[in-house]
Structures are given as structure tokens and as C-alpha cells.
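Structural description and commentary
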Amino acid sequence: MTRKRDTAMQLHEQFRPRQWSDVVGQEKALERIEQLRKRGLAGRSYWLSGQSGTGKTTIAKLLAAEVADPWSTVEIDGGQVTTEVLDELDAQCRQRPFGRGYCLIINEAHGLRGAAIRRLLVTLEALPAWVTVIFTTTVEGQDKLFEDCDDSHPLLSRCIVIPLSRRDLARPFAERAKAIAQGEGLDGQPLERYIRLAQQCRNNLREMLQVIEGGAMLAKAE
């Protein structure tokens, strides 16, 4: 598994899946998306929750690529979502853009504030067929959001909730990480060592690749 190296790009970005077949460990989530695809993925709002490094942003980007062109996709952190940002979304909702559609990805959705959530409740109530909104958040962040904001439950009810797997990730993540390490000349350990690394990193594939990039899996690092 090799890709043309970008010296300014870290491994976890260099090898971020660019197609659905590259996503590992999240079969249930992909099955859910496949079922939704039969009726159309656009014109919906999605809520992706899971542990850090398990594929939330990757799946959000792949979803976005199916419903909108790159120039019509906006990615923003939840803490930066203001009523002005939502005004822009509303403006996009009124007129279909050139191309396939418009997609807003809100990462770290647990950073949303009350005013933005209340505004989103109205916006998400009637999304046009060419507008898609995708939220990503950690499980812990989602729990805290629900504790701190009463409007978070109605927000979730307006979304298709896709929880990412938290279990049985060590082996598929280890196999993926080892394949990347081999292609990059950073491998010198058996698969069992990568499984232990996955466990140590709490099944955070991004963290695993950062450790590998630092040379920890070379033979001399044992």
C-alpha cells in the first residue's frame, strides 16, 4: 500500500480513505449508508458519533463527495458555527448551486452553542434535496452536549444517527496500519505488535499512524 508522498502531509492524512472500499472496521455504518443510498443520500442531515480516530471525519468526507462538489462543500468546527454561518446555509438552501449540491460538515459538533442549535432546528426541518448537513462528534462530547443543552435532543431527532463501531477494531486497524507501514518502509514488527499498538492507542488509527511515523515499529524499536 503506497501513495505518492507529500512531505508536508502526515501519514494519517496521506492515507485517509478516498473511497468506501478503503474504510476498515466500520462495516455496520457502511451498511447503513448503503441502505440510505438506495433512496438518495442528499437532502438529509447526518449525525456521526464515535471514538477519536475511528473514521468519523473520513466517512463525513466520503458522504460529502457523493452529494456535493468540492467547491460546494464547507467544513467547519462546531465552536465556529454562528448565526451568520447559518445565514449563509439558508442562502444556499434557496438556490441550487452549480453542480450536484451543497454540503456543510460540522466537526466537533459538541462545540455547538445554544443559539446555533436553536437556529439549526429550524434549518434542518426542511432541507432542500440539494443540501446535506453532516455532524461529527465523539461519544463523550455527545453526552456532554446533551447534558448542557436541552435543545440537543431535538437536534438529534432531525438527523440520521450513524454510530461508529467501538469494538473489534484492533485487528482491522492493525492490518491497515501494518500495510501502510510496509509501504512507507516503517515496518519491522509482526501483526501482533500492531494489535497491541491498537489496544494501547484505544483503537485510534490516527494515533497509531502517528506512532508508526515516529519509527516505533521499525525492527530496532522493539
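This next bit is on helix 9 (residues 191-200). Every α-helix carries 3.6 residues per turn, so stepping three or four residues along brings you back to the same face. Among the residues of helix 9, those classed as buried are L191, R193, Y194, I195, L197 and A198. Taken from the residues just after helix 9, R202 is the one with a positive phi, measuring 55 degrees.

What follows concerns the packing of helix 8 (residues 170-183) against helix 9. Following both chains from N to C, one finds helix 8 and helix 9 inclined at 120 degrees, their axes separated by 8 Å at the closest point. Between helix 8 and helix 9, the crossing angle belongs to the class labelled oblique. Read as a crossing pair, helix 8 and helix 9 show a hand that is right-handed. Where helix 8 abuts helix 9, its residues A170, R171, A174, E175, A177, K178 and A181 lie against L191, Y194, I195, A198 and Q199. Looking at the contact of helix 8 with helix 9 residue by residue, the classes come out as eight nonpolar, one polar and three charged.

Let us now look at the side chain of K178. Mapped onto the fold, K178 is located in helix 8. Setting aside its immediate chain neighbours within four residues, K178 contacts D187, Q189, P190, L191 and Y194.

In this section: the side chain of N203. Looking at the element boundaries, N203 is found in the loop between helix 9 and helix 10 (205-213). Apart from the residues lying within four places of it in its own chain, the contact partners of N203 are S52, G53, T54, R166, L169, A170, F173 and A198.

The next point concerns the nonpolar core. The biggest cluster of nonpolar side chains holds 25 residues, and the ones touching the most others in it are W47, L89, I106, L112, F135 and L155. Going through the elements one at a time, helix 4 (83-94), strand 3 (102-107), helix 5 (114-123), strand 4 (131-137) and helix 7 (152-157) are the ones with two or more residues in this core. Here the element with the most residues in this core is helix 5; it accounts for four residues. In contact with I106, other than residues within four places in its own chain, are I76, G78, V81, L112, V133, I134, F135 and T136. Ranked by size, the runner-up nonpolar core spans 21 residues in total, among them L169, A174, L191 and L205.

This brings us to the pairing of strand 3. For strand 3, the tally of buried residues reaches six of six residues, placing the bulk of the element in the interior. The side-chain alternation of strand 3 yields two buried faces, one formed by Y102, L104 and I106 and the other by C103, I105 and N107. When strand 2 (residues 73-77) meets strand 3, the two strands line up parallel, connected through five bridges. Each residue of the ladder has a partner; that of V74, found in strand 3, is L104. After leaving strand 2, the chain enters helix 4 and then returns to the sheet as strand 3, a path that is right-handed.

On inspection of all chains with the given rule, the structure shows one aromatic pair. Here the aromatic rings of W47 and F135 are separated by 5.3 Å at their centres, their planes lie at 35 degrees, and the arrangement is tilted. Highlighted residues: W47 in strand 1 (residues 45-49) and F135 in strand 4, separated in sequence by 88 residues. F135 matches W47 in its accessibility class, with the two residues each being buried.

Positioned with a positive phi, E108 is a non-glycine residue whose angle comes to about 50 degrees. Position of E108 among the secondary structure elements: in the loop between strand 3 and helix 5. Overall, the relative accessible area of 36% leaves E108 in the partly exposed class. The phi angle at R202 is positive, at roughly 55 degrees, despite the residue not being glycine. Residue position: R202 is located in the loop between helix 9 and helix 10.

Under the criterion given, the structure shown has 10 salt bridges. E75 is the partner of K61 in a salt bridge, and the nearest nitrogen-oxygen pair spans 2.8 Å. Taken as a pair, K61 in helix 3 (residues 56-67) and E75 in strand 2 lie far apart in primary sequence, 14 residues in all. Residue class for K61 comes out partly exposed when judged on its relative accessible area of 33%.

In a regular helix each residue adds 1.5 Å, so 12 residues correspond to 16 Å; helix 4 covers 17 Å between its end C-alpha atoms and thus fits that length. Buried residues of helix 4: L86, L89, D90 and C93, and no others. The arc that holds the buried residues of helix 4, viewed along the axis, is 100 degrees, so those residues lie on one side. Residues of helix 4 that are exposed and point more than 90 degrees away from the buried face comprise E84 and R94. Considering only its buried residues, helix 4 is in contact with strand 3, helix 5 and strand 4.

Cut-offs and rules
Residues numbered from 1 in each chain as written. Predicted model: local features only at pLDDT ≥ 70, side-chain atom pairs only at ≥ 80, totals over all residues. Heavy atoms only, no water. Buried < 20%, exposed > 50% of the residue type's maximum accessible area, 1.4 Å probe, protein only. Helix = DSSP H or I, 4+ residues; strand = E, 2+ residues; numbered from the N terminus. Axes fitted to C-alpha atoms, helices over the stretch in contact; angles between N-to-C directions. Parallel < 35°, antiparallel > 145°, perpendicular 65-115°, else oblique. Left-handed = near helix turned anticlockwise from the far one by under 90°. Contact = heavy atoms within 4.5 Å. Nonpolar A, V, L, I, M, F, W, Y, C, P; charged D, E, K, R; others polar. Core = buried A, V, L, I, M, F, W, Y, C linked by side-chain atoms within 4.5 Å. Pairing = 2+ DSSP bridges. Right-handed = clockwise from strand over helix to strand, strands pointing away. Phe/Tyr/Trp six-rings, centres within 6.5 Å; stacked < 30°, edge-to-face > 60°. Salt bridge = Lys/Arg side-chain N within 4 Å of Asp/Glu carboxyl O. Expected span 1.5 Å × (residues − 1). Arc of directions from axis to C-beta.

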